[in-house]
Amino acid sequence: MLSSSDFASASWELVVRVDHLNEEEQKDITLRVSGDLHIGGVMLKLVEQINIAQDWSDFALWWEQKHCWLLKTHWTLDKCGVQADAKLVFTPQHKMLRLRLPNMKTVRLRVSFSTVVFRAVSDICRALNIRRAEELSLLKPSGEYFKKKKKKDKNNKEPIIEDILNLEGSPTISGPSVSPGLYSKTMTPTYDPINGTPASSTMTWFSDSPLAEQNCSILAFSQPPQSPEALADMYQSRSLADKAKLNSGWLDSSRSLMEQGIQEDEQLLLRFKYYTFFDLNPKYDAVRINQLYEQARWAILLEEIDCTEEEMLIFAALQYHISKLSLSTEIQDFTNESEVDEVEAALSNLEVTLEGGKADNTLEDITDIPKLADNLRLFRPKKLILKAFKQYWFVFKDTSIAYFKNKELEQGEPVEKLNLRGCEVVPDVNVAGRKFGIKLLIPVADGMNEVYLRCDHESQYAQWMAACILASKGKTMADSSYQPEVLNILSFLKMKNRNSAPQVASGLENMDMNPECFVSPRCAKKHKSKQLAACILEAHQNVAQMPLVEAKLRFIQAWQSLPEFGLTYYLVRFKGSKKDDILGISYNRLIRIDAATGIPITTWRFTNMKQWNVNWEIRQVAIEFDQNVSIAFTCLSADCKVVHEYIGGYIFLSTRSKDQNETLDEDLFHKLTGGQE
């Protein structure tokens, strides 16, 4: 039998700070515990000693020094390593968080601070009616991100109250690990596929979402354009190194918000992190499509991605069209059945394109591989030589281009054969100037070979450009995505061709447009306001008949066709190099870019990757590719875990398939992105 003094020596005092829901101040509670007491027992003792009748089910113990949650309630204090000097806090697992969405709206909702960020984002997306949550994540912006706006606010006499959509009652409590919004293909449509309005009869489908119809429209409809002054205030000219710094703030998906130092009611950015938008469907994705459109729109306006002036006007025309339709009171009147069928057919074609042309396999995939053969002009840049194009007979077969001095020599040896697997394909087009060029950057042992091809007209360009894009991904023209790719390129060229529609611009339309709202501040400075308005209205003629959702999808599609689309930059130092380089990470490749000139040095495809790992001691990422190619680099602008997660995340997303039972393998995600830290 133990005496009371023996028992006292085996036990010790543990001080726990309690966060009360209804009281601002925190209270310290002293408990007498022993090492064999389990965490659940500590929590039970705490609640008994506090003696306040309330729901304590969301409370858990947070260990301040170790920066971790004690969530395994069956573990003993000894097993957890908790001793008398431990600083524990009894606090709610769900806390308020402010999220700035891609459309610059801020929502405030209750989020789990104890589950890993991957699952927390899933819960947030479920609350906001956004499917495919695995494509999004949370970004902690640098301190300067919100400061710029505050400086401007000080000059205003009236205090500015931020417009926050408060979803405090949102049920983002983590349930079983089910992917939000991966609904069956037979489910009832939730949104009108033409104008994105909620189908009121099916709003009950989202009965677990706090978004009523009026709140849904805030997230599913485009907001009025920002004033030119506000745009100019937000705009900053950024180098590749500056862009690299912006990407350092992505949170670790395998750790909780609390473990990463996020405070209650802190403001984070919810953004599409991975640029592979799977299964975009207007019937269920009005919020997702609108937020994607908004992220693309801001990337164009703030020049986070480069585009030509001609392309900028296309984006401006689409923005103008979308803002007009969004404000129109007639938006509810699109109920003509035949129209719906026609547009749905067009949108389903577009959907195939937006998800990378993953249509059903057809017979043409297993028949003879088609080839292209035509006269094109070629130019190879060399120092001290003027840009002179020379005509050759080109033959495109499989994933290679061979060219000959003329058609008659096709059966003989070619002048050169170019293998396009893993190459960079960049459009070099000016429709107004009738210039249809393709720039190819072909990887070789010591860097990249630069080759320019010049086509004669739109149709020829669309066919060869589509073939080059597919070949760079290792696909041939027999692939079912070839024809949709050709049609996409032609439709984009048509939008660029400002002479293809009658130039009708009413004075009224001129008056209700502020053209500087739809282009980047740098572009606005180059033109007079009237001149800019006329150019936008001219480009608008090609898109004036588009329904709202199709216009947004076209904007996203045009954004995807830009050469820099989907590239996320990091500043790195390659092993054996004496200078810093930029690493560009895309959905299918890594690109080493010269930090000073911005010119790609070499490209590595994920399809050729054998394995990758991280040496956590020296924070170095090492990757092995086919043909005994291996690279290693340390990350300078971000933690190497951020870069490691990006690569693993893209490989994880490439495993998604419509044939699956539409549930995500979260364990596989953490295996590919978590590393062995």
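Reading guide: rules and limits
Residues numbered from 1 in each chain as written. Predicted model: local features only at pLDDT ≥ 70, side-chain atom pairs only at ≥ 80, totals over all residues. Heavy atoms only, no water. UniProt positions renumbered as here; feature names shortened; annotations may be inferred. Helix = DSSP H or I, 4+ residues; strand = E, 2+ residues; numbered from the N terminus. Buried < 20%, exposed > 50% of the residue type's maximum accessible area, 1.4 Å probe, protein only. Contact = heavy atoms within 4.5 Å. Areas by Shrake-Rupley, 256 points an atom, 1.4 Å probe, with all protein chains shown as cover. Axes fitted to C-alpha atoms, helices over the stretch in contact; angles between N-to-C directions. Parallel < 35°, antiparallel > 145°, perpendicular 65-115°, else oblique. Left-handed = near helix turned anticlockwise from the far one by under 90°. Pairing = 2+ DSSP bridges. Nonpolar A, V, L, I, M, F, W, Y, C, P; charged D, E, K, R; others polar. Salt bridge = Lys/Arg side-chain N within 4 Å of Asp/Glu carboxyl O.

- As annotated in an unreviewed UniProt entry, the protein is Fermitin family homolog 1 from Bison bison bison.
- Note on the protein: under the UniProt heading Sequence similarities (unreviewed entry), the record states "Belongs to the kindlin family."

Side note on the overall build of the protein
- The helix and strand inventory of the protein stands at 19 helices and 24 strands.
- Split into buried and exposed, the 677 residues of the protein put 53% on the buried side.
- Taking the intrachain contacts of the protein between residues at least 6 apart in sequence as the baseline, contacts between residues at least 24 apart amount to 65%.
- As displayed, the protein has an accessible area near 32,400 Å², and 50% of this comes from carbon and sulfur atoms.

Things to note about the packing of helix α9 (residues 286–301) against helix α10 (residues 309–327)
- Two elements in contact, α9 and α10, have axes separated by 11 Å at closest approach and are oriented at 135°. It follows from the interaxial angle that α9 and α10 lie oblique. Relative to α10, the crossing made by α9 is left-handed. Residues Tyr293, Arg297, Ile300 and Leu301 of α9 form the contact with α10, whose participating residues are Met312, Phe315, Gln319 and Ile322.

Let's talk about the sheet that holds strand β10 (residues 267–272)
- Overall, mixed pairing links the 5 strands, which are arranged β8-β10-β6-β7-β9 in an open sheet. Looking at the sheet topology across the chains shown, the edges are occupied by β8 (136–139) and β9 (164–167). On average, each strand axis in the sheet is tilted by 40° relative to the strand beside it, whichever way the strands run.
- One ladder, built from 7 bridges, connects strand β6 (residues 94–100) with strand β7 (residues 106–112); its direction is antiparallel.

Here we look at the packing of α10 against helix α16 (residues 529–540)
- For the pair α10 and α16, the least separation of the axes is 8 Å and the interaxial angle reads 75°. As the angle between them shows, α10 and α16 are arranged roughly perpendicular. For the pair α10 and α16, contact is made by Leu313, Ala316, Ala317, Tyr320 and His321 and by Leu532, Cys535, Ile536, Leu537, Ala539 and His540, respectively.
- A class-by-class count of the residues in the contact of α10 with α16 yields 9 nonpolar, 2 polar and no charged.

Thoughts on the pattern of salt bridges
- As enumerated under the stated definition, the model contains 33 salt bridges in all.
- With a closest N to O distance of 3.6 Å, Lys140 and Glu266 form a salt bridge. Separated by 126 residues along the polypeptide, Lys140 in the loop between β8 and α5 (144–155) and Glu266 in the loop between α8 (240–246) and β10 bring together distant segments of the chain.
- A relative accessible area of 17% places Glu266 in the buried class.
- Several salt bridges converge on common partners, so that one network encompasses Arg131, Arg132, Glu134, Glu135, Asp279, Asp285, Arg288 and Arg656.

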